[in-house]
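# What the coordinates show
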Amino acid sequence: MSDAILSDIQRRLNNLVRSGVIAEVQPSPLRVKVKIGDLVTDWLRPQMPAAGPVSVSYFPSAGEAVQVISESGDLRNGVVHLGLHNASNEPPTTEPGVYKIRFSDGTFVSYDINDTVLVIELMGGETSLTASLEGWVFKGRVTFENAVTAKETIDAEGNIGTKSELSDSKGTMASVRGIFNTHDHDETDSVTLPPNQQM
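Residue positions within a chain follow its written sequence, with the count starting from 1. Totals for whole chains, interfaces and linings use all residues, but because this is a predicted model, local features are given only for residues with pLDDT of at least 70 and pairs of side-chain atoms are given and counted only at 80 or more. The side-chain numbers reported here are obtained from all heavy atoms of the structure, hydrogens and water having been left aside.

## Re the nonpolar core
Note that soluble globular proteins tend to have their nonpolar side chains buried in a common cluster. Joining through side-chain atoms within 4.5 Å is the link that ties buried Ala, Val, Leu, Ile, Met, Phe, Trp, Tyr and Cys residues into a set, and such a set is a nonpolar core. Accessible area is worked out with a 1.4 Å probe on protein chains only. A residue is then buried under 20% of its type maximum, exposed over 50%, and partly exposed in between. The biggest cluster of nonpolar side chains holds eleven residues, and these are Ile22, Val32, Val34, Ile36, Leu44, Met48, Val66, Val68, Leu75, Val80 and Leu82. Among the secondary structure elements, those contributing two or more residues to this core are strand 2 (31-36), strand 7 (65-70) and strand 8 (78-84). Residue contributions to this core peak at three residues, all from strand 2. In this structure methionine 48 touches Leu30, Val56, Ser57, Tyr58, Pro60 and Leu82, once residues within four positions along its chain are discounted. Helix numbers and strand numbers start at the N terminus; a helix is a DSSP run of H or I with at least 4 residues, a strand a run of E with at least 2. Any two residues whose heavy atoms approach within 4.5 Å are treated as being in contact.

Okay, here's the thing in structure tokens:
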């Protein structure tokens with residue numbers, strides 16, 4: 001076997017798995033260039049968690065630590081495997097039993113299997129949703145675009161307001177107000193006037 005063939009075999013073996021960092025990102029079609037030492041690859045496909053009927057994608061960023069796995073040791077056929085944390089991109093959590101996705105703006109989604117708690121928090125922390133075995137906690141303004149049905153008592157520590165009508169099993173607030181504003185009482189020799197203070 002000649003030295004040239006041995007050298008080519010050695011090169012291919014060395015290039016089967018290479019570690020590096022993303023140097024550039026092309027949005028469409030999604031491709032990345034990887035810096036491996038002093039070498040920068042051509043545009044390569046990044047691997048995503050799923051790419052079938054169930055599909056997951058995200059936009060990689062420069063500086064992400066990756067591995068390039070190349071068929072036959074040819075970097076031109078390499079596929080970039082994402083998800084290697086490094087000093088520039090530390091993991092969002094190291095707590096056992098906690099799964100957390102952190103986005104670049106600070107928004108995160110986490111689930112703690114130890115305490116059965118799901119948290120979704122938008123950047124800044126002013127809007128969040130926490131779900132646990134005790135129920136749901138919303139932080140921030142909540143808007144319901146469709147009807148809401150409550151099968152239990154609603155307890156409010158603040159005011160309850162409506163721009164429409166408020167009613168219960170006996171009638172509406174408007175009908176109650178109408179009855180109050182026009183009601184009178186029979187007395188022995190007269191009928192009382194409607195109330196001076198309208199509701």
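## Overview of the sheet that holds strand 11 (residues 117-121)
Taking strand neighbours across the sheet as the criterion, the five strands line up as 9-10-11-12-13 in an open arrangement whose pairing is antiparallel. Here the strands that pair on one side only, and so sit at the sheet edges, are strand 9 (98-102) and strand 13 (135-139). Going across the sheet, the axis of each strand differs from the next one's by a mean of 5°, ignoring polarity. The sheet contact formed by strand 12 (residues 128-132) and strand 13 spans five bridges and is antiparallel. Bridge assignment links threonine 130 to a residue of strand 13, and that residue is valine 137. Here, a strand pair is defined by DSSP locating no fewer than two bridges between the strands. To obtain each axis, a line is fitted to C-alpha atoms, and for helices this fit is confined to the stretch in contact; angles are then taken between N-to-C directions over 0 to 180 degrees.

## Regarding the sheet that holds strand 7
Taken in spatial order, the six strands make up an open sheet running 3-2-1-7-8-4, and their pairing is mixed. Two strands lie at the open edges of the sheet, namely strand 3 (39-40) and strand 4 (45-46), each paired on one side alone. In this structure, strand 4 lies alongside strand 8, joined through two bridges in parallel fashion. Within strand 8, the position partnered with proline 46 by the bridge is valine 80.

## Observations concerning a nonpolar patch on the surface
Like charges are joined within 9 Å and nonpolar side chains (Val, Leu, Ile, Met, Phe, Trp, Tyr) within 5 Å, but only among residues with over 30% relative accessible area and no salt bridge; these make up the patches. Working definition of accessibility: Shrake-Rupley area with a 1.4 Å probe, residue cover restricted to the visible protein chains. Whenever a carboxyl oxygen of Asp or Glu lies within 4 Å of a side-chain nitrogen of Lys or Arg, that contact is scored as a salt bridge. Judged by side-chain polarity, Met1, Ile5, Leu6, Ile9, Leu13, Leu16, Val17 and Ile69 come together as a nonpolar surface patch covering roughly 720 Å² of accessible area. Of all the elements, helix 1 (residues 3-15) adds the most residues to the nonpolar patch, at four residues. Topologically, isoleucine 5 is positioned in helix 1.

## Details of the layout of surface pockets
Definitions used for this entry: grid spacing 1 Å over protein atoms alone; cavity, a set of points where a 1.4 Å probe fits but cannot get out; pocket, an open set with protein on both sides within 12 Å along at least 5 of 7 lines; lining residue, one with an atom within 4 Å of a point. Grid points are joined across faces, edges and corners, and a volume is the space filled by probe spheres set on the points. What the largest pocket holds in volume is close to 790 Å³. Taken together, 19 residues make up the lining of the largest pocket; nearest its centre are Tyr58, Glu64, His85, Ile101 and Arg102. Contributing elements (two or more residues each) for the lining of the largest pocket: strand 8 and strand 9. By residue number, the principal contributor to the lining of the largest pocket is strand 9, which donates three residues. The classification used treats Ala, Val, Leu, Ile, Met, Phe, Trp, Tyr, Cys and Pro as nonpolar, Asp, Glu, Lys and Arg as charged, and all other residues, Gly among them, as polar. Its residues placed into classes, the lining of the largest pocket shows nine nonpolar, six polar and four charged. Along the wall of the second largest pocket there are 13 residues; nearest its centre are Val148, Ala150, Ile154, Asp155 and Ile160. Here the lining of the second largest pocket is built from residues that sort into six nonpolar, four polar and three charged.

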